[in-house]
Amino acid sequence: MKIICIDDEPLILNMTAALCRELPSKPEVCGFSNAADALDWLKSRTADIALLDINMPDMNGIELAARIRTIDPNVSIIFLTGYSEYAVDAFRLHASGYLLKPVNKQRLKEEIDLAMQRRSTRSLLPADGAKISARTFGEFDLYANGQVVAFPRSKAKELLAYLIDRQGGSITRASAFAVLWEEGIYDRSMQKQLDVVIRSLRTTLKSVGAEDILEMKQGALRVCPEKLDCDLFRFLNGDVDAINAYRGEYMNAYSWASTTEAFLDRMRQRM
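Overview of the structure. (Residues numbered from 1 in each chain as written. Predicted model: local features only at pLDDT ≥ 70, side-chain atom pairs only at ≥ 80, totals over all residues. Heavy atoms only, no water.)

A few points about the pattern of salt bridges
Alright, step 1. Enumeration over the complete set of coordinates arrives at 10 salt bridges.
Alright, step 2. Between glutamate 110 and arginine 107 there is a salt bridge, with the nearest N and O atoms lying 3.2 Å from each other. Note that glutamate 110 and arginine 107 are positioned in helix H5 (residues 105-122) at a spacing of three residues, about one turn of the helix.
Alright, step 3. Between aspartate 229 and arginine 234 there is a salt bridge; the shortest N-O distance is 2.9 Å. Grouping residues by exposure puts aspartate 229 and arginine 234 together as buried.
Alright, step 4. Look at the salt bridges and you will find they share partners, linking Arg107, Glu110 and Glu111 into a network. (Salt bridge = Lys/Arg side-chain N within 4 Å of Asp/Glu carboxyl O. Helix = DSSP H or I, 4+ residues; strand = E, 2+ residues; numbered from the N terminus. Buried < 20%, exposed > 50% of the residue type's maximum accessible area, 1.4 Å probe, protein only.)

Right, dumping it as structure tokens:
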């Protein structure tokens, strides 16, 4: 395991790095007192965990986390700060953890262990030989040939996530609208907006050779489960690796996913 620590206060930086080196996993640890040096280091190397101070000069930790994600989206971010008001911004970036200073060794170990568990969940996908894969445990992502697919429209990504949640069941356009715009009115203007979202989804899928996972018939939409690999589908089929990978988090970004998450929790408890 490789951990990088970034903090502009040398004393705190050295203390945090020392705590990391004392962990049972004996990780390789590199410390940086400024964001630019850390970013340069990441351009030619990889890290599993990035421990970031938030309140730094030149570039704060929130900005730094976003820059790190552009270099390597797989780095798990844990924020270390004395300012709890940054928590909302931190989790908008899907941070793996958020710890208040002074750092407690046991809490640090727990956050790093949890982050590594989530990384192992991500490593479930794509499955061997699978061209198109979906990860639903934790955050939702689609993979094509092992690479994360970028969606120009967030609503298009959410629509695909919901279709996968339906496990091959068809939904009407009106139902799709109700999910994407919970309080919206399905008038002609919003019907056109939904058309834009659907076209964007189809264009994105086509660009990565995945257009055949989406089926449209008589105004209804569905995904074809047999044409993509998915941790949710494998969990429901009793796949041991998928069952062990589920940590109680399912499509975190979407409120409608809570029903399926509760169902998965009940199933996991019975196994």
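Remarks on the sheet that holds strand E6 (residues 132-135)
Alright, step 1. Strand order in the open sheet formed by four strands is E8-E7-E6-E12, and the pairing between neighbours is mixed. With partners counted over all chains shown, the strands left at the sheet margins are strand E8 (147-148) and strand E12 (229-230), one partner each.
Alright, step 2. For E6 and strand E7 (residues 141-144), the ladder comprises four bridges, and the chain directions are antiparallel. When the sheet's bridge partners are listed, isoleucine 132 is paired in E7 with alanine 144. (Pairing = 2+ DSSP bridges.)

Digging into the sheet that holds strand E10 (residues 214-217)
Alright, step 1. Reading across the sheet, the three strands line up as E9-E11-E10 and stay open at both edges, with antiparallel pairing between neighbours. Bordering the open sheet on either side are strand E9 (171-172) and E10, each of which pairs with just one other strand.
Alright, step 2. For E10 and strand E11 (residues 220-223), the ladder comprises four bridges, and the chain directions are antiparallel. Paired with methionine 216 across the two strands is leucine 221, which belongs to E11.
Alright, step 3. Along the sheet face, helix H6 (residues 154-165) touches E9, E10 and E11 and points at about 75° away from the line of E11. (Contact = heavy atoms within 4.5 Å. Axes fitted to C-alpha atoms, helices over the stretch in contact; angles between N-to-C directions.)

Quick word on the packing of aromatic side chains
Alright, step 1. Within the structure shown, the criterion is met by eight aromatic pairs.
Alright, step 2. Relative to phenylalanine 235, the ring of phenylalanine 137 has its centre 6.0 Å away and its plane inclined at 90°; by these criteria the two rings are edge-to-face. Highlighted residues: phenylalanine 137 in the loop between E6 and E7 and phenylalanine 235 in helix H9 (residues 231-236), separated in sequence by 98 residues.
Alright, step 3. Relative accessible area serves as the criterion here: at 3%, phenylalanine 137 is assigned to the buried category.
Alright, step 4. Residue classification places phenylalanine 235 among the buried positions, given a relative accessible area of 0%.
Alright, step 5. Three or more aromatic residues joined by ring pairs make a cluster, and in this case those are Phe137, Phe235 and Tyr246. (Phe/Tyr/Trp six-rings, centres within 6.5 Å; stacked < 30°, edge-to-face > 60°.)

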